[in-house]
Amino acid sequence: MSLDHDKISKLGEQHPPPANHVYAYGTAGFRSNANVLDAVLFRVGIIAVFRSMKLDGKAVGVMITASHNPECDNGVKLVDPHGDMLDPSWEAYATALANTPLDSLASYCSQLANTLKIDLTKKANIIIARDTRPSGDAMLSSLNHGIESVNNGSVSVQDFGLATTPALHYLVRATNSKGTNDDYGEPTIQGYMDKMVSAFNGLVQGKPSIAPLKVDCANGIGAPYIHDLSEKLQKVNAPLTLEPVFDDTTPGIGKLNNGCGADHVKSKQLLPVGFTPGPNERCASLDGDADRIVYYYNDQRGNFKLLDGDKIASLLSVFIIDLVEKAGLTDTANVGVVQTAYANGCSSKFINAQQVPIKCVPTGVKHLHHAAQQYSVGVYFEANGHGTVLFSDEFINLVKSTVPVMPAQQTALQQLIHLSQLANQTVGDALSDLLLVEAILIQKQWGPAEWDGLYEDFPNRLVKVTVPDRTAFTTTDAERKLVTPADLQKEIDGHVSKYQDGRSFVRPSGTEDCVRVYAEAQTRGQADELAFKVAGLIYDKFDAMIPPSRL
Ligand code: G16
C-alpha cells in the first residue's frame, strides 16, 4: 500500500508553513505563537498516524497545549503508548517533517514511511485533547486534516476535547493497557479522577482534617478539574477541602497564566496578582494545563514563602523512605531523587543527608522521567513544580508479596500501594501531586510552616533574557555549563567566585524565545546581584538584545 500523494498535497496546501520559519521539537514538543503553528499541527497529525502504525496500532496521544506560556501561544506534543513522552529518536522525524517545504511534503512522507519501515496497511489509533486556549479549535482542525491526509481507512481518532495534559497521558496508557495484566485504570476522565480519589482515601482514611487548601487554577483547564475533585472529596467525607481561585476559563480574555499560575509564582517569587491569603494559609498554584504545581504561604510576618518542586520532592522523599523502612524493604529497594540544575543547593544537601542518591539531568520531563525509571522508587521534580514518583514493577511485586509480621509493617505496605496508585506513572501531574502532598500533610498533621521547616532555601533568582538567537547557547554537564558562546562560561565563573555559596548558570529555553539565567547565593541581595551580573554579560555580548526582563 502506498500513500495518496494527491490527498496529502491538497490537504497540505490548506496549511502552508510560514516563510523562513524553522521549527524545533523542544523541551515539550513544538511551541510558539499560535499564528505560526497551523502547518505544524497538520504534520504532527501525519507523524502521530505513522507512530501508531509503527507500534501495531497502539494508541498514541496528541496534546494541544502551550502549558505555562501566555494565552497567545500554543503548542503540540506527542505521547507514546505507555503514556510517556514521544521516543526521542522520533523527535527528529517530527522536526524534519515540520520543516519540509510544501512542494515536497507528499514525497517526504513516503520517504519517511520507507525509512521507518511503516506498514501502511496497519491500523492507527490517535487520542487527542487540548487546553483552553482560544486557538485550540483551529489547531485541532489542522491536526485532523493531517491525520486524514494519511488515513488508509483504518485510522481511528478519539477526541477528549478540553482536558489537562496529565489526563491525556493517563488516557493513552489506560487505553493501551485495558484488559492486560498492567491495566492502568478506566480509560475515561472519570476513571482518571476516581483512581486518584480512591488512592487518596486509602492514604488518609480516619485521619483528622487539615485547613482548606486554596488552589490557583491559572484560569486554565485545571479549574473544572479542581472543582470536580473538590466535589468528589466532599462526597467521600475526605479530610480535605479545596477552594479554587483564578478559575475563569473564558477563552480569549487573556486571563490564562496571566498574573497567576505556577510559573508566575515560581519565577517571580510572588503571590498571584490581587491574591491576599491570611498568615500561614496553605495555597497552591497550577499552570495552564495542570501538569505543574507549586505551594506557598505568607508567614506570620507577612513574608511570602515558596514551597516549590524541590520542597515537594523533599517532603515526598522523607515520607517514602520512612514507609520503605517501616515496610522492611530498605535493603532490597533503592529510592532515588532526580533533579535539574535549577534544584536549590539546600534541597540537594537535605536530600543527600537522608542518604538518598540524587541524579541531575537536563531540563524537561522526558529526561527526569527516564532517569527516575532506574530506581525502585524514583522521585523526580523540577524546581518549577513538574514531577511525580515512579514505582518499578519489581518494587510493586515485592510490596505485594511481602508478608507483614507487625501491624505497622502491614500499614506501610498498604500505603506504598496507595501511593503508587495516586502518583501519576506517566508524567508530572498537578492534581495527583496536590493529593500526594495533602495526604502527607494530613498524615503528619502539618501546616505549611512545618513542611517549610525541612530546610531553608538559598535565596535564588531566575531571569529571562531575550536574545536574537537562543540556539547560539549550548550547554553541557546537565545544563550547568555553557559550551557556546565561547568564553561566556569563564566570565560567569568569574562572577560566581565572588559570592559565598554562589551558583549561576545560563541555558536556552526549550519553550520560549529566550535564555534563562539562574543564580543562587547566601542572601537575597546577592542572588539578585549575581543574576543581573550574569544577565548583563549576555546583554553586553549581543547588541540586538532586549535587556533582562520579566523578573
Ligand atoms: C515545559 C517542560 C518542563 C520545563 C518547562 C520549561 O513545561 O515540560 O519540563 O521545565 O517547559 O522549559 P524551558 O526552560 O526549556 O522553557 P510546561 O509546563 O510548559 O509544559
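Numbers given to residues run from 1 along each chain, matching the order in which its sequence is written. Only residues with pLDDT of at least 70 are given local features in this predicted model, and only at 80 or more are side-chain atom pairs given and counted; all residues enter the totals for whole chains, interfaces and linings.

- As named in an unreviewed UniProt entry, the protein is Phosphoacetylglucosamine mutase, taken from Wallemia hederae.
- UniProt positions are given in the numbering used here, feature names are shortened, and annotations may be inferred rather than shown by experiment. Listed in UniProt under the heading Pathway (unreviewed entry), the comment for the protein reads: "Nucleotide-sugar biosynthesis; UDP-N-acetyl-alpha-D-glucosamine biosynthesis; N-acetyl-alpha-D-glucosamine 1-phosphate from alpha-D-glucosamine 6-phosphate (route I): step 2/2."
- For the record of the protein, the UniProt heading Function (unreviewed entry) holds the text "Catalyzes the conversion of GlcNAc-6-P into GlcNAc-1-P during the synthesis of uridine diphosphate/UDP-GlcNAc, which is a biosynthetic precursor of chitin and also supplies the amino sugars for N-linked oligosaccharides of glycoproteins."

## Considerations on the domain arrangement of the protein
Part 1 of the reasoning: Those domain boundaries reflect an automatic or database domain assignment. Split by domain assignment, the protein resolves into domain 1 (5–162), domain 2 (190–305), domain 3 (309–452) and domain 4 (460–541).
Part 2 of the reasoning: On a C-alpha basis, the centres of domain 3 and domain 4 stand 30 Å from each other.
Part 3 of the reasoning: The partner domain 4 presents 11 residues to the 10 residues of domain 3 that form the contact.
Part 4 of the reasoning: In terms of residue class, the side of domain 3 that touches domain 4 is made up of 5 nonpolar, 5 polar and no charged. Our contact criterion uses C-beta atoms placed from the backbone: two residues qualify when those atoms are within 7 Å. Residues were grouped as follows: Ala, Val, Leu, Ile, Met, Phe, Trp, Tyr, Cys and Pro as nonpolar; Asp, Glu, Lys and Arg as charged; and all remaining residues, including Gly, as polar.

## Brief notes about the site of the ligand
Part 1 of the reasoning: Surveying the vicinity of the ligand reveals 18 residues, the closest of which are T27, S67, S509, G510 and T511.
Part 2 of the reasoning: Of the residues in the shell around the ligand, the class split is 2 nonpolar, 10 polar and 6 charged. Nearness between a residue and a molecule or strand is assessed with a C-beta atom placed from the backbone; a distance within 6 Å qualifies.

## Focus: the packing of helix α7 (residues 189–204) against helix α14 (residues 407–422)
Describing two packed helices takes the angle between their axes plus the distance from one axis to the other.
Part 1 of the reasoning: Where α7 meets α14, the axes come as close as 8 Å, and the angle between the chain directions of the two elements is 155 degrees. In terms of their interaxial angle, α7 and α14 are classed as roughly antiparallel. The crossing of α7 and α14 is left-handed. Between α7, through K195, M196, A199, F200, G202 and L203, and α14, the contact on the second element is made entirely by Q415, H418, L419, Q421 and L422.
Part 2 of the reasoning: Split into classes, the residues belonging to the contact of α7 with α14 amount to 6 nonpolar, 4 polar and 1 charged. Axis angles are defined between N-to-C directions and span 0 to 180 degrees, where every axis is a line fitted to C-alpha atoms and, for a helix, only to the segment in contact. Where helices and strands are cited, they refer to DSSP runs of H or I of at least four residues and of E of at least two residues respectively, numbered from the N terminus. Here the angle decides the label: under 35 degrees means roughly parallel, over 145 means roughly antiparallel, 65 to 115 means roughly perpendicular, and every other value means oblique. Handedness of a crossing follows from how the near helix is turned relative to the far one, being left-handed for an anticlockwise turn of less than a right angle and right-handed for a clockwise one.

## Quick notes on the environment of A98
Part 1 of the reasoning: Within the element layout of this structure, A98 appears in helix α3 (residues 88–98).
Part 2 of the reasoning: With C-beta atoms placed from the backbone, a residue counts as buried when 20 or more other C-beta atoms lie within 10 Å of its own, as exposed when 12 or fewer do, and as partly exposed for counts between those limits. Classification of A98 by C-beta neighbours within 10 Å gives buried; the count is 24.
Part 3 of the reasoning: Setting aside residues up to four positions removed in sequence, A98 forms contacts with Y23, F30, V40 and R43.

## As for the UniProt feature "active site" (unreviewed entry) in the protein
Part 1 of the reasoning: When the UniProt feature table is mapped to this numbering, "active site" (unreviewed entry) covers S67.
Part 2 of the reasoning: Here S67 is to be found in the loop between β2 (59–64) and β3 (73–79).
Part 3 of the reasoning: S67 gets classed as buried once you count the C-beta atoms within 10 Å, which come to 29.
Part 4 of the reasoning: Excluding residues within four positions of it along the chain, S67 makes contact with A28, T165, D287, G288, D289 and D291.

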